[in-house]
Amino acid sequence: MSPNSNVPDPSKPGALGVEILERIERFLQSSRASLAPVVQLKHPRQALDELKLGKFLDGNAHDSDAILSLIENYLGAATRVHDPRFMAHQVAVPHPISALGDLVHSVTNNGYGTYEMGPQAAAVELALVDWFLAKIGWSEGGGLLTHGGSLANLTALLGARAQAFPDAWQRGVPPEAVLLAPTVSHYSVERTAGIMGLGTDSVVAIPVDSLGKVIPEQLDSVLARMRKEHRPVLAVVANACATATGLYDPLAEIVEVCRRHQAWLHIDGCHGASALISDKYRHYLKGIEGADSVSWDAHKLLGTSALCAAVLFREEKSVYRSFHQEESYLSGNAAGEELPFLRSLECTKSGLGLRLFLVLASQGVGKIAQDLEYMFQSARQLHSMLEASDDYEVPFAPQTNIVLFRPPVADELIEEIRLDLIQGGGAYLSAANFAGKRWLRACIMNPATDALTLERLLADVIASASVCAKRRCC
Ligand SMILES: Cc1ncc(COP(=O)(O)O)c(C=O)c1O
């Protein structure tokens, strides 16, 4: 390696760190003030060329200036979730302290497949699991943190599989087994069926109403039919809330039905379980304590950087069933140590809990609840504006921070409008299918998204719709 005095000295990251923090601060300020596009549409190959990434992998050491310019360019190309016009996907605007937690983890680098590799990281996880369990109302449950809600859903449903088919770990799942879920469920549910060898054809759709919410009486009938047809039910999945619409299934009624049929109920609360921290919106989750397992993402509505999710079980013993036979768990325990990797798909695991723990510790849960309520309230405000205008179709009143709407145009134009908004330097929205149509989807993740931003959004959508319609016809 060439002796280069400007190469960052790994033992003294301070000076480079200060420079990087300055760039981050500028990035945050310009994002918050909407001084750059929220998102720049680029194929990753184009971004790779523009960032000149290839030259950094030429085998040479690159000096601090080069590294800094790389980071500046990286930030310059980033999607700006801190911009109030960011309303696209379910990604939190993280509190800076969450990122600092990440830094502390990265420096200590205590991946803890065993407790001795990171007793403090495991303790943070334990404290958070207790916190999540208490919010659900479970005094004797168990759980673990996972890198994301998809992994939480997989872990929960593997726990359900072990309960329904105790020898599934060794012998697999009976071919006639089924998983019951509404079709609006997050794709990770169907993917879990594929991964666990159940097969996606074994996912039976639970009938839903016109809003995509489970109809409890129909769930009852499906469960009765399954029994009659000798099709054992691995689990029932309910949404709290559904990804596309942000609407909650009627949990309390679903719990009753599942109890009657002795079926495992998994509640996918990746997006909406966070409403449990709000006095105002907790009622949407009434009955959640009757579930057998719950998944819950902190990186969606708890101001935490990705990834930080939890899978939670009503009974603590379930925690060890997802990945390991009873026998091996006991031998781990006999050694006087509970081994975290026995509960988790992951072996090395980051100290992901610090991302959330520091947010709760530094802000207090009241502030996080206030932010969540503000985002839910903004969604209601947007809905009222849409209802008051003749220019839009609106399919339902929001329950969370997600609003679907569309100008009266052909489905094909929805994506064009979305792209036109982005390219014109306006808001960044997502889109979703619902009730046989394509909709613009505003997911208000930023407590800084105010009424003025929403008014501009609606004016921009109408302007884009007109431009796109003209482009089509001429
Ligand atoms: C309801 C629901 N479940 C699961 C997931 C997957 O979570 P993650 O992106 O953390 O894997 C999502 C993500 O949007 C979701 O909305």
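Look above for the structure.
Attention here is on the structure that accompanies the text.

Thresholds, definitions, all that
- Residues numbered from 1 in each chain as written.
- Predicted model: local features only at pLDDT ≥ 70, side-chain atom pairs only at ≥ 80, totals over all residues.
- Heavy atoms only, no water.
- Helix = DSSP H or I, 4+ residues; strand = E, 2+ residues; numbered from the N terminus.
- Rg over C-alpha atoms; globule rule 2.2 N^0.38 Å.
- Buried < 20%, exposed > 50% of the residue type's maximum accessible area, 1.4 Å probe, protein only.
- Contact = heavy atoms within 4.5 Å.
- Areas by Shrake-Rupley, 256 points an atom, 1.4 Å probe, with all protein chains shown as cover.
- 1 Å grid on protein atoms, 1.4 Å probe; cavity = no way out; pocket = protein on both sides within 12 Å on 5 of 7 lines; lining within 4 Å.
- Points joined across faces, edges and corners; volume = space filled by probe spheres on them.
- Nonpolar A, V, L, I, M, F, W, Y, C, P; charged D, E, K, R; others polar.
- Near = heavy atom within 4 Å.
- Polar contact = N/O pair within 3.5 Å; in protein donor to acceptor, adjacent residues only side chain to side chain.
- Axes fitted to C-alpha atoms, helices over the stretch in contact; angles between N-to-C directions.
- Parallel < 35°, antiparallel > 145°, perpendicular 65-115°, else oblique.
- Left-handed = near helix turned anticlockwise from the far one by under 90°.
- Arc of directions from axis to C-beta.
- Phe/Tyr/Trp six-rings, centres within 6.5 Å; stacked < 30°, edge-to-face > 60°.
- Lys NZ or Arg CZ within 6 Å of the ring centre and 35° of its normal.
- Pairing = 2+ DSSP bridges.
- Core = buried A, V, L, I, M, F, W, Y, C linked by side-chain atoms within 4.5 Å.

### Quick notes on the overall build of the protein chain
Helix and strand counts for the protein chain stand at 17 helices and 11 strands. Taken over the C-alpha trace, the protein chain has a radius of gyration of 24 Å; the compact-globule value for 474 residues is 23 Å, and the two agree within 12%. Considered along the principal axes of its C-alpha atoms, the protein chain spans approximately 65 × 65 × 40 Å. Going through the 474 residues of the protein chain one by one, you find that 51% of them count as buried. Contacts spanning at least 24 positions in sequence make up 74% of the contacts within the protein chain whose residues lie at least 6 apart. Entry remark: accessible area of the protein chain is about 21600 Å², with carbon and sulfur atoms responsible for 54%.

### Some thoughts on the layout of surface pockets
Its volume calculated, the largest pocket comes out at about 1100 Å³. Lining the largest pocket are 35 residues, with Ile 24, Phe 27, Leu 28, Leu 75 and Ala 99 positioned closest to its centre. Among the residues making up the lining of the largest pocket, the classes are represented as 22 nonpolar, nine polar and four charged.

### Remarks on the site of the ligand
Taken together, the neighbourhood of the ligand is formed by 13 residues, with Gly 149, Ser 150, Thr 243, Asp 268 and Asp 297 sitting nearest. In the environment of the ligand, an oxygen atom lies 3.1 Å from a nitrogen or oxygen atom belonging to the side chain of Gln 90. At a separation of 2.8 Å, an oxygen atom of the ligand approaches a polar side-chain atom of Thr 243. About the coverage of the ligand: the protein hides 86% of its 390 Å² of free accessible area. Counting residues per element, the ones that place at least two in the shell around the ligand are helix H7 (149-164) and helix H12 (298-301). Broken down by element, the residue count for the shell around the ligand peaks at three residues, all from H7. Split into classes, the residues belonging to the shell around the ligand amount to two nonpolar, eight polar and three charged.

### Describing the packing of helix H10 (residues 216-228) against helix H11 (residues 251-261)
H11 packs onto H10 with a crossing angle of 20 degrees between their chain directions and a minimal axis gap of 9 Å. Taken together, H10 and H11 sit at an angle that is classed as roughly parallel. Read as a crossing pair, H10 and H11 show a hand that is right-handed. Residues Pro 216, Leu 219, Asp 220, Leu 223, Ala 224 and Arg 227 of H10 form the contact with H11, whose own contacting residues are Glu 253, Ile 254, Val 257, Cys 258, Arg 260 and His 261. Looking at the contact of H10 with H11 residue by residue, the classes come out as seven nonpolar, one polar and four charged.

### Let's talk about helix H9 (residues 187-195)
Along H9, the positions that sit buried rather than exposed are Ser 188, Val 189, Thr 192 and Ala 193. Considered in projection along H9, the buried side chains sweep an arc of 150 degrees and stay on one side of the axis. Looking at H9, the residues exposed on the side facing more than 90 degrees away from the buried face are Tyr 187, Arg 191 and Ile 195. Against the buried residues of H9 lie H7, strand S3 (178-181), strand S4 (203-205), strand S5 (233-239) and strand S6 (265-268).

### A closer look at the packing of aromatic side chains
Enumeration over the complete set of coordinates arrives at 10 aromatic pairs. Residues Tyr 281 and Phe 376 carry aromatic rings whose centres are separated by 4.9 Å and whose planes lie at 50 degrees to one another, so their mutual orientation is tilted. With Tyr 281 in the loop between S6 and strand S7 (293-297) and Phe 376 in helix H15 (residues 365-388), this pair connects stretches of sequence that are 95 residues apart. Judged by its relative accessible area of 4%, Tyr 281 falls in the buried class. Assessed through its relative accessible area of 0%, Phe 376 is described here as buried. One aromatic cluster is present, formed by Tyr 248, Tyr 281, Tyr 284 and Phe 376 through successive ring pairs. Its end group placed over the ring of Trp 439, Arg 406 keeps NZ or CZ at 5.6 Å from the ring centre.

### With respect to the pairing of S7
Remember that side chains alternate between the two faces of the sheet whenever the strand is regular. Within S7, five of the five residues are buried, which leaves it mostly tucked inside the rest of the structure. Here S7 shows no split at all, with Ser 293, Ser 295 and Asp 297 on one side and Val 294 and Trp 296 on the other all buried. Of the strand pairs in this sheet, S6 and S7 are connected by three bridges, and their pairing is parallel. For Ile 267, the partnering residue across the bridge sits in S7 and is Val 294.

### Things to note about the packing of helix H1 (residues 14-32) against helix H4 (residues 64-77)
The relative placement of two packed helices comes down to the angle between their axes together with the axis-to-axis distance. Interaxial distance between H1 and H4 falls to 10 Å at its minimum, and their mutual angle equals 20 degrees. The orientation of H1 with respect to H4, classified from their angle, is roughly parallel. Between H1 and H4 lies a crossing whose hand is right-handed. When H1 is examined against H4, the residues Leu 16, Glu 19, Ile 20, Arg 23, Ile 24 and Phe 27 are found in contact with a partner set consisting of Ser 64, Ile 67, Leu 68, Ile 71, Glu 72 and Leu 75. Across the contact of H1 with H4, the residue classes break down as eight nonpolar, one polar and three charged.

### A closer look at the nonpolar core
Of all hydrophobic cores here, the largest spans 95 residues; its most connected members are Phe 132, Leu 180, Leu 219, Val 236 and Phe 405. Among the elements that make up this core, the one with the highest residue count is helix H6 (residues 119-136) (nine residues). Setting aside anything within four residues of it in sequence, one finds Val 236 in contact with Leu 180, Ile 206, Leu 219, Leu 223, Cys 258, Ala 263, Trp 264, Leu 265 and His 266.

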